[in-house]
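# What the coordinates show
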Amino acid sequence: MSEEYSTERLLREQGSLVHTIKGVSMMPLLDQNKDAVHLIPVNRELQKNDIVLFKRANGALVLHRIIKIREDGYVIRGDNCLGSELVSRENIIAIADAVYKNGRYIPCNDKKLIKYAKKQPITWFFRYLKNIPRAVYHPIFRRKNK
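The sections below set out a description of the structure shown in this document. Predicted, not measured: the structure shown is a model, and the values here were computed from it. (Residues numbered from 1 in each chain as written. Predicted model: local features only at pLDDT ≥ 70, side-chain atom pairs only at ≥ 80, totals over all residues. Heavy atoms only, no water.)

## Regarding unusual backbone geometry
Following Met27, the chain continues to Pro28 via a peptide bond in cis, the omega torsion being 5 degrees. If you trace the backbone, Pro28 turns up in the loop between strand 1 (17–20) and strand 2 (36–41). Positioned with a positive phi, Asn49 is a non-glycine residue whose angle comes to about 80 degrees. Turning to its location among the elements, Asn49 is positioned in the loop between strand 2 and strand 3 (51–55). Judged by relative accessible area, which is 21%, Asn49 ranks as partly exposed. Even without a glycine there, the phi angle at Asn102 is positive, about 55 degrees. Examined against the element boundaries, Asn102 turns out to sit in the loop between strand 7 (92–101) and strand 8 (104–107). The exposure class assigned to Asn102 is exposed, which follows from its relative accessible area of 52%. (Helix = DSSP H or I, 4+ residues; strand = E, 2+ residues; numbered from the N terminus. Buried < 20%, exposed > 50% of the residue type's maximum accessible area, 1.4 Å probe, protein only.)

## Digging into the pairing of strand 3
For strand 3, a buried count of 4 out of 5 residues is recorded, marking the element as mostly surrounded by other parts of the structure. Here strand 3 pairs with strand 4 (residues 61–70) via 5 bridges, running antiparallel. Of the residues in strand 4, the one forming a bridge with Phe54 is Val62. Once strand 3 ends, the chain turns through 5 residues before running back antiparallel as strand 4, passing Gly59 with a positive phi of about 95 degrees. By the bridge criterion, 3 bridges tie strand 3 to strand 7 in an arrangement that is antiparallel. Each bridged residue has a counterpart across the sheet, and for Leu53 the counterpart in strand 7 is Ala94. (Pairing = 2+ DSSP bridges.)

## Here we look at the pattern of salt bridges
Here the structure, examined in full by the defined rule, presents 8 salt bridges. We note a salt bridge from Glu85 to Arg56, for which the minimum N-O separation is 2.7 Å. Of this pair, Glu85 sits in strand 6 (residues 85–87) while Arg56 sits in the loop between strand 3 and strand 4, placing them 29 residues apart in sequence. A salt bridge links Arg70 to Asp72, with the shortest nitrogen-to-oxygen separation between them at 2.8 Å. One network of salt bridges, with partners in common, ties together Asp31, Asp35 and Lys101. (Salt bridge = Lys/Arg side-chain N within 4 Å of Asp/Glu carboxyl O.)

As structure tokens, this is what we get:
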């Protein structure tokens, strides 16, 4: 997308933006090409469990959740991801203040959404455990079949 119509510029000019989700990193909360987020410029101190839009070094815009706050930035991870990354405050473009799930507007301070966010570390842990056998047995199985 050209700078003329960039997400950053639209946020700056309009003050908010509703954006449809691309990718699967925020599933099951947000489904690709179906659900959307209402984004606003960061207007407060960021907190754990906030959903933020940030820019990676390669220029890609990514929507993930803050899982930890550090002095040197924010540890961020998608709800459907195992890996996390450290993002500096300067790279965070916007914060989600609401989601549109199945066409229904849900503010990010909704009690059910907060409860969902607090359960994410548990789901990440079980997803990690589920992937351990694949990481161990897959290389062994491939060697036996060569």
